[in-house]
Every structure is written in C-alpha cells, then in structure tokens.
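# Structure assessment
Chain by chain, the residues run as shown.
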Amino acid sequence: MPRLDRTRIEELKAGLDAGQRAIAFEEATEPPGSSPLNDEKRPGRFHCAVCGEALFSSEAKYESGSGWPSFFAPLDDSATETKRDFRLLLPRTEFHCANCGAHLGHVFKDGPPPTGERWCANGAVLDFRPESGED
C-alpha cells in the first residue's frame, strides 16, 4: 500500500503527461527502445517520476537487450512493492513504487548476478538524477 495519501497521489498524477499517467496508474507499457534512459550510463540514481522516491542506483543498471532500462536490484527493498500480473497467458511479477503506488514495470528471473533478476522498467516513469558534479 502506498505511503502517500490518496489526495497527494492525485495531485502528483495531475502533473504527469498522458503517457506517464497511463503507465503509472493504468499499468500500460511504453514501446521498447523508446526511453532515452536505455542509454544512460552516468553515475546517479533513478527516481520515481511521479513522487521522486529513489528506486535504483546506476550501479545496478545493465544492458539487458530488452528495450527497457533494466536493473539487477532496487536501491532498497523498501523502495518497491511487487504483485502478480495475470494479464498475459503466463503470470508475471509487476513492481510499483512503494511510496506512491505507481506501476513501474516487471521483474523477471533472467538477470545477471548477483541477484539473477531483471527489473525491467518503463523509462517514462523514471527520473534520472546524476551524482553531484554531473550535468
């Protein structure tokens, strides 16, 4: 359950564009290869574009070849929440921002060490913030 109250989430939702709202609150998916964050290689953190919660470190980002920004682990176990997604034939694990409840992507068990997981995120609902001193 999100940590932010419903009123605050509605305020944040109003600041999103239609594509971001569809992904974050209707569980849509952006087209593969459409996010500029696929090519982001600078040190920094990836935050929820809805509420600003820190979600992933650039140290956990890797090139999965999937077409979406991918990470082998979230920044902190409390940053995300998961649930089963049965919209396709095979069930998947969906992940959300624990702070605001925004849908972010899916977790798969085909990632690299050390976790063997691929946290496949929609770049449209991520906000990259480079480490201090970076542009």
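For the structure, check the block above.
Residue numbering note: each chain is counted from 1, following its sequence as written. A pLDDT threshold of at least 70 governs which residues receive local features in this predicted model, and a stricter bar of 80 or more applies before side-chain atom pairs are shown or counted, although totals over entire chains, interfaces and linings include all residues. Calculation of side-chain values draws on the structure's entire complement of heavy atoms; hydrogens and water are dropped beforehand.

Now for helix α2 (residues 18-26). The set of residues buried in α2 consists of Q20, A22, I23 and A24. Only heavy atoms enter the contact rule, under which two residues are in contact if any of them lie within 4.5 Å. In this description a helix means any DSSP run of H or I spanning at least four residues, a strand means any run of E spanning at least two, and both kinds are numbered starting from the N terminus. Structurally, α2 contributes buried residues whose contacts are with β7 (103-108). Within 3.5 Å is the distance limit for a polar contact, defined as a pair of N or O atoms, with the added protein rule that one can donate a hydrogen and the other accept it, and that residues adjacent in sequence qualify only through two side-chain atoms. N-cap assignment for α2: the residue whose side-chain oxygen lies 3.0 Å from the backbone N of G19 is D17. Downstream of α2 by a residue or two, E27 has a phi angle that is positive, lying close to 60°. Each residue is assigned to one of three classes by its accessible area relative to the maximum for its type, calculated with a 1.4 Å probe on protein chains only: buried under 20%, partly exposed between the two thresholds, exposed over 50%.

Before going further, it helps to spend a moment on unusual backbone geometry. The omega angle of the peptide bond from P113 to P114 is 10°, so this bond is cis rather than trans. Position of P114 among the secondary structure elements: in the loop between β7 and β8 (118-121).

Take the sheet that holds strand β6 (residues 92-97) next. Within the open sheet, the six strands sit side by side as β3-β4-β8-β7-β6-β5. Their pairing is antiparallel. Looking at strand neighbours, the two that pair on one side only are β3 (61-62) and β5 (80-85), the edges of this open sheet. By the bridge criterion, six bridges tie β5 to β6 in an arrangement that is antiparallel. Counterpart to D85 in the pairing with β6 is R92. For two strands to be treated as a pair, DSSP must find at least two bridges joining them.

All right, on to the state of the cysteines then. Criterion for a disulfide: a pair of cysteine sulfur atoms within 2.5 Å. One pass over the structure, following the stated rule, counts zero disulfides. The cysteine C51 is free of any disulfide, with C97 supplying the nearest cysteine sulfur at 3.6 Å. Given the relative accessible area of 22%, C51 is considered partly exposed. The buried category is assigned to C97, whose relative accessible area is 0%.

Attention now goes to the side chain of N99. Take N99: it is sitting in the loop between β6 and β7. N99 sits in the buried class, given a relative accessible area of 12%. In this view, N99 contacts P2, R3, L4, C51 and E53; residues no more than four positions away in its chain are not counted.

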